[in-house]
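Spelled out from the first residue to the last, the chains are:
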Amino acid sequence: MSSIHLNANKATILVVGNGMTGYKFCEKFVDKGLMEQYNLVVFGEEPWAAYDRVHLTDYYTGTDVHDLKMAPRSWYEDNGITLITSDPVVNINRDEKQITSSRGHQLNYKYLVLATGSAAFVPPVPGIDKTGVFVYRTIEDLDNIKSYIKDKKDAVVIGGGLLGLEAAKALMDDGLKTSIIEFAPRLMPRQLDETGGSVLKQKLEDLKLEVKLNKSSKLVLGNGSVTGIEFADGEVHNTDVIVVSAGIRPRDELARQCGLQLGERGGILTTPDTLTSDSSIFAIGECALIHNMIWGLVAPCYDMADVAVKRIAGEEAEFSPADLSTKLKLIGVDVASFGDVFGEGDGRKELVYENKATGNYKKLFVSEDGSKLLGGILVGDAADYNTLFQLYSNEMKLPENLDSLLFTSDGGGLEFNVLDLADDAVICSCENITKGNIVTAIEEGDLTNIGQIKKCTKAGTGCGGCAPMLNDLMDAVLKASGKEVKKVICEHFAYTRQELYDLVKVEDIKDFSDLIHKHGKGQGCELCKPLAASLFASIYNTPVPQQSAIQDTNDRFLANIQRGGSYSVVPRIPGGEITPDKLIVIGEVAKKYELYTKITGGQRIDLFGAKVHELPLIWEELIAAGFESGHAYGKSLRTVKSCVGSTWCRYGQQDSVSFAIEIENRYKGLRSPHKLKGGVSGCIRECAEARGKDFGIIATEKGYNLYVCGNGGANPVHAVLLATDIDAATTIKYLDRFLMYYIKTAGPLTRTAKWLAQLEGGIDHLKEVVIDDSLGLCAQLENDMQGLVDTYQCEWRTAVENPQHRSQYRHFINSEEDGSSLKFIPMRGQKRPADWVKEEDPIAIGVGVSS
Amino acid sequence: MSIELIESDKQVIEWFAAGKVEDFPVDAGVAVKYKDTQLAVFYFSDSNKWYASQNLCPHKLEMALSRGLIGSEGEEPKVACPFHKKTFSLKTGACLSGDELEISTYAVKIEDGIVKIGITE
């Protein structure tokens, strides 16, 4: 057991529990300057420093543990706080004012702060302890679920509240058929009314989530492991996994054990000044029962931490019942409620809007005289939430035309300017930050982005719901002070991408060193270097191998880095058409170099697991068989996907494969602000999914319809129609203009859909530029594109034929060893990289890891 | 012959000859094998400075830093891991992108056209 060193001249404050509330207590304690007077010691039972539990599902979907941290361990050290993790407090001796931890630490305290939080409530259903039943509460829970469901097909989530719905979505995204079981007659019974609940249910069902209401669990079935669940009504639902998210239970064991008073149904009985029945012990957060209630949201828990700190500092403070407003993006469905959501009390008027076609539902309660907003529920589209919430929380006078409240963001009438808010209007209710605080911070600190606001004021660091409001406020303040809001590339270049594009072109700048000496400062970074490389390639078609030092690793090695540090190789297969002989070559190369092979979403074949020194050898064999680089590693044209079209298909209107090949060969190697994908479908059935691409061509009887600016990915967007029934030559002409205009004007790493969304005038403007030549640019755009098409070269060939470049393809400079730390494990007759190490905290560092 | 040392309070126990200056990439990094471990060496042409660090990125434990882009943050020379763009100071080894990570850095000197890395304990 390591010993704890404390200043013997200071009294000690002990915090039990290192969740979000415990951390917030420490932060406010430090801010108050109390570290000069006291030792502060925090005990946590989890192995981590405090993390953000509100965003736990982000961890499930891939966010790093480190990114969820409230503060790094070093923050505690820097502030002189003693943080002891993986060591829960097991005993409190109130007479001696002394605690004992599980590892045997014994410490005396002046004040003890219980921030033990809550645990998942697990209903006492027989069989609930079987293997395969989980709760959804901690990082460990999520890790356990992840590893258990690998070969499972069907999951049940018990509980249709906030967290239950998040859990269901995460399971569904992992490929399990998922059902939500709710005891109440509607989803989110504490936040939504009946109509709101049923609108939400419909939305979830549209996403293929099954919802069962009015279901009481009777028995968990299975011999050792879960095989199903039986309900009180006799129905049996077969399933492989059960995740319980049926509410929370305050962690009051420790308080109970030392004889503190508890509420009838649990929770540490606590007065509004956050003191328990022992005047040396505070209780804050979800373990505390204050105003006869457990407060399960971040904002009120933070308030309690603030009250406790003030009391310790000898100030007056009381916790008052908080507003339980919530806004969530649940499963891609907006849900929000605020104020009095059930319209309790007399003399209230209801405003209701429901659009069954789109699944939008809004219900607002206003005072009898129509002057004030009292509360509301929004399902489907909560874009108006921030405006409505401000009207409500600041008791602002409502407009004469109350209908405008229902349509604030759709141009329906209500003009709302954030600058009109009173200075004491609370913008961030988690941290209790007012509009005045934020405006002052922006003006005095010369702040220009949201990150700075968060850092300076802590606004937006809790639930994050006020971020759009912060953005509006930032823009409004800057605009009012006459400052331009400009998106510069990074600290080295005070230009936008478009400005830099023009500078490079006009001044004929051809290398990074020249560019940064003329227009930038410092030594560049991982943002501006690849951007400059992309500009040089887009403007001069400078072969990438000639500027390898400013390329991201994928472009530097002309292959895609994968877990374990190996690379994958994707030869171009235009339009997805390939001869049997070429297929055989790919198979032979994959066998020879022991590569894992997979068909990609873009109708080609990816070869995984190549070591760096093998890349030129693999390319040589592929090039000899007539292949070229597929540019899968670049921000450049990837593939033009096609369906088989009129040559074979009985429905086909045009020869979509031939056209896709022609287009892919025209634009291959084209460097752009982000990756580019295209598609050509032979008829309206759209088997090539062309409307999910940056450009999509769909054959018609008379020619082609051209769609632009779609994408798949995290935010799927359908491409929109640019031109109808045009011939092949016109299609290519418009494509040349469209692509070149995008390449010239888009921001860094901005795909076409986002670019179009930000383009002033939208698709109408784009049509005018590309079709009507409203800017007089078309001849130039076509000319620039033709120049790029004419100077295309296969980068793999350039790399293998240039001895100096080729010499880079080795791991060590001083050894022929391949040096890789690659470890592979077998899978379905092939191989894949071993899993990433599970993160320890903190990770041991050093060079002592053998090759 | 120029000698560039980075600030370090550790005792150099060996100057390891990694290779000839002309074999090293300019404004980029490369991996060097030292006993059973891997180091990364970086050369900044603009300031004519050399830096060395562990090749292992402490984030996901990949031997990857030598393949990362280099540059500066303020006055601090840095490298960005190619996997998730965690950035590290090549002077102090501190993580500059806000994570609780750190790398070991080493002094580099050039003698008779040979790049030498100051191995510490």
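On a predicted model such as this, the values are computed, not experimentally measured, just so you know.

Calculation rules
Residues numbered from 1 in each chain as written. Chains lettered and ligands numbered in written order. Predicted model: local features only at pLDDT ≥ 70, side-chain atom pairs only at ≥ 80, totals over all residues. Heavy atoms only, no water. Helix = DSSP H or I, 4+ residues; strand = E, 2+ residues; numbered from the N terminus. Contact = heavy atoms within 4.5 Å. Areas by Shrake-Rupley, 256 points an atom, 1.4 Å probe, with all protein chains shown as cover. Buried < 20%, exposed > 50% of the residue type's maximum accessible area, 1.4 Å probe, protein only. Polar contact = N/O pair within 3.5 Å; in protein donor to acceptor, adjacent residues only side chain to side chain. 1 Å grid on protein atoms, 1.4 Å probe; cavity = no way out; pocket = protein on both sides within 12 Å on 5 of 7 lines; lining within 4 Å. Points joined across faces, edges and corners; volume = space filled by probe spheres on them. Nonpolar A, V, L, I, M, F, W, Y, C, P; charged D, E, K, R; others polar. Salt bridge = Lys/Arg side-chain N within 4 Å of Asp/Glu carboxyl O. Phe/Tyr/Trp six-rings, centres within 6.5 Å; stacked < 30°, edge-to-face > 60°. Lys NZ or Arg CZ within 6 Å of the ring centre and 35° of its normal. Patch = residues over 30% accessible without salt bridge, like charges linked within 9 Å, V, L, I, M, F, W, Y side chains within 5 Å. Lys, Arg positive; Asp, Glu negative; His and termini not counted. Charge placed at Lys NZ, Arg CZ, Asp CG, Glu CD. Core = buried A, V, L, I, M, F, W, Y, C linked by side-chain atoms within 4.5 Å. Pairing = 2+ DSSP bridges. Axes fitted to C-alpha atoms, helices over the stretch in contact; angles between N-to-C directions. Disulfide = S-S within 2.5 Å. Buried area = accessible area lost by both parts, 1.4 Å probe. Right-handed = clockwise from strand over helix to strand, strands pointing away. pLDDT = per-residue confidence, 0-100.

Moving on: the overall build of chain A. Along the backbone of chain A there are 26 helices and 39 strands. The contacts of chain A with a sequence gap of at least 6 include a subset with a gap of at least 24, amounting to 62%. Total accessible area on chain A is roughly 37500 Å²; 48% of this is exposed by carbon and sulfur atoms.

Looking at the secondary structure, you find His811 of chain A in the loop between α26 (803–806) and β38 (824–827). Since its relative accessible area comes to 7%, His811 of chain A is described here as buried. In terms of polar contacts, His811 of chain A uses its side chain to reach the side chain of Arg67 of chain B, at 2.9 Å.

Another aspect to go through is empty space enclosed by the protein. Residue and element names in this part refer to chain A. Scanning all chains against the criterion turns up four cavities of 30 Å³ or more. Of the voids in this model, the largest cavity is the one considered here, and its volume is about 80 Å³. Lining the largest cavity are Ala537, Asn541, Thr542, Pro543, Val544, Gly669, Arg671, Thr791, Tyr792, Gln793 and Glu795. Here the residues of the lining of the largest cavity are counted per class, giving four nonpolar, five polar and two charged.

This part covers the pattern of salt bridges. In this structure the tally under the stated criterion is 46 salt bridges over all chains. For the salt bridge of Lys78 of chain B with Glu526 of chain A, the shortest nitrogen-to-oxygen distance reads 3.1 Å. A residue pair is termed interchain when its members come from two chains, as with Lys78 of chain B in strand β9 (residues 76–80) and Glu526 of chain A in the loop between α15 (512–519) and α16 (528–540). Per residue, the accessibility class of Lys78 of chain B equals that of Glu526 of chain A, and both read buried. Residue Asp725 of chain A pairs with Lys702 of chain A through a salt bridge whose shortest N-O separation is 4.0 Å. Of this pair, Asp725 of chain A sits in strand β37 (residues 720–726) while Lys702 of chain A sits in the loop between β35 (695–699) and β36 (704–708), and the two are 23 residues apart along the sequence.

Looking now at the packing of aromatic side chains. According to the stated counting rule, one finds 28 aromatic pairs over all chains in the structure shown. Seen from their ring centres, Tyr596 of chain A and Phe608 of chain A are 5.7 Å apart, and the 65° between their planes marks the pair as edge-to-face. Remark: Phe608 of chain A occurs in strand β32 (residues 605–610) and Tyr596 of chain A occurs in strand β31 (residues 596–599); sequence separation between them is twelve residues. Lying over the aromatic face of Phe627 of chain A, Lys582 of chain A brings its terminal NZ or CZ to 4.8 Å of the ring centre. For Arg67 of chain B, the ring lying beneath its charged end belongs to Phe557 of chain A, and the centroid distance is 5.6 Å.

Turning to a negative patch on the surface, a few remarks are in order. All names here are of chain A. Negative charge collects at one region of the surface, where Asp764, Glu768, Asp772 and Asp773 lie side by side. Relative to the elements of secondary structure, Asp772 occurs in the loop between α23 (762–770) and α24 (778–790). Assessed through its relative accessible area of 55%, Asp772 is described here as exposed.

Right, let's talk about the nonpolar core for a bit. Residues and elements named next belong to chain A. By size, the foremost hydrophobic cluster in this structure holds 58 residues, and its most contacted members are Ile663, Tyr667, Phe738, Trp755 and Leu766. If one sorts the elements of this core by residue count, helix α21 (residues 728–745) sits on top with nine residues. Beyond its immediate chain neighbours, meaning those up to four positions away, Tyr667 contacts Leu637, Ile732, Leu735, Asp736, Leu739 and Met785. By size, the runner-up hydrophobic cluster in this structure holds 54 residues, among which are Val30, Ala71, Tyr76 and Ala308.

To continue, consider the side chain of Ser245 of chain A. Residues and elements named next belong to chain A. Mapped onto the fold, Ser245 is located in the loop between β16 (241–244) and β17 (248–250). Exposure remark for Ser245: the relative accessible area of 11% places this residue in the buried category. At 3.2 Å, the side chain of Ser245 forms a polar contact with the backbone nitrogen of Gly164. Beyond its immediate sequence surroundings of up to four residues, Ser245 is in contact with Ile158, Gly159, Leu163 and Gly164.

A few words on the sheet that holds strand β5 (residues 98–101) of chain A. Residues and elements named next belong to chain A. Across the sheet, which stays open at both edges, the three strands sit in the order β4-β5-β6 with antiparallel pairing between neighbours. Either end of the sheet is taken by a strand with one partner, and the two such strands are β4 (89–93) and β6 (106–108). Within this sheet the neighbouring strands show an average axis-to-axis angle of 20°, counted without direction. One ladder, built from four bridges, connects β4 with β5; its direction is antiparallel. Paired with Asn91 across the bridge in β5 is Thr100.

Residue and element names in this part refer to chain A. Positionally, Leu213 belongs in the loop between β12 (210–212) and β13 (217–221). In the structure, Leu213 is positioned 30 residues away from Phe183 in sequence and 6.1 Å away in space, judged by C-alpha atoms. What Leu213 contacts, discounting residues up to four positions off in sequence, is Glu182, Ala184, Pro185, Arg186, Leu187 and Lys201.

Turning our attention to the state of the cysteines. For the structure on display, the rule yields zero disulfides over all chains. Cys683 of chain A takes part in no disulfide bond, and the closest cysteine sulfur, belonging to Cys649 of chain A, lies 5.9 Å away.

Our focus in this paragraph is the interface of chain A and chain B. Much of the literature gives interface size as the accessible area that the parts lose upon coming together. Contact with chain A, which involves 52 residues of that partner, is made by 53 residues of chain B. At the boundary of chain A with chain B, total buried surface from both sides reaches about 4200 Å², with 54% on carbon and sulfur atoms. Counting across the chain A and chain B interface gives three salt bridges. The interface formed by chain A and chain B contains 17 residue pairs in polar contact (both at pLDDT 80 or more). Taken together, the elements giving at least two residues each to the side of chain A that touches chain B come down to α3 (65–68), α4 (73–78), α16 and α17 (553–557) of chain A.

This paragraph deals with the pairing of strand β11 (residues 177–181) of chain A. All names here are of chain A. Buried residues dominate β11, accounting for four of its five residues. Where strand β10 (residues 154–158) and β11 come together, five bridges link them in parallel fashion. Opposite Asp154, over in β11, you have Lys177 as the bridge partner. Pairing of β11 with β12, which is carried by three bridges, proceeds in the parallel orientation. In the sheet register, Ile180 faces β12, and the bridge partner there is Val211. The parallel pair β11 and β12 is bridged by helix α7 (residues 194–206), and the resulting crossover is right-handed.

Below, the discussion takes up the confidence of the model for chain A. Scored by pLDDT, chain A comes out at a mean of 86, with 91% of its residues at no less than 70. Confidence over residues 839–851 of chain A falls short of pLDDT 50; this stretch has 41 contacts with residues more than four positions distant or in other chains.

Turning our attention to the sheet that holds strand β14 (residues 228–231) of chain A. All names here are of chain A. Strand order in the open sheet formed by three strands is β13-β14-β15, with antiparallel pairing between adjacent strands. Strand pairing shows two members of the sheet lacking a second neighbour, β13 and β15 (236–238), which therefore form its edges. The average angle at which neighbouring strand axes cross in this sheet is 20°, direction not considered.

Residues and elements named next belong to chain A. In terms of residue burial, strand β33 (residues 637–642) counts as a mostly covered element, since six of its six residues are buried. In the sheet, β33 pairs with strand β34 (residues 676–681) via four bridges, with the strands oriented parallel. Within the sheet, the bridge partner assigned to Ser642 lies in β34 and is Val680. Where the polypeptide runs from β33 across helix α20 (residues 656–667) and back to β34, its parallel neighbour, the crossover connection is left-handed.

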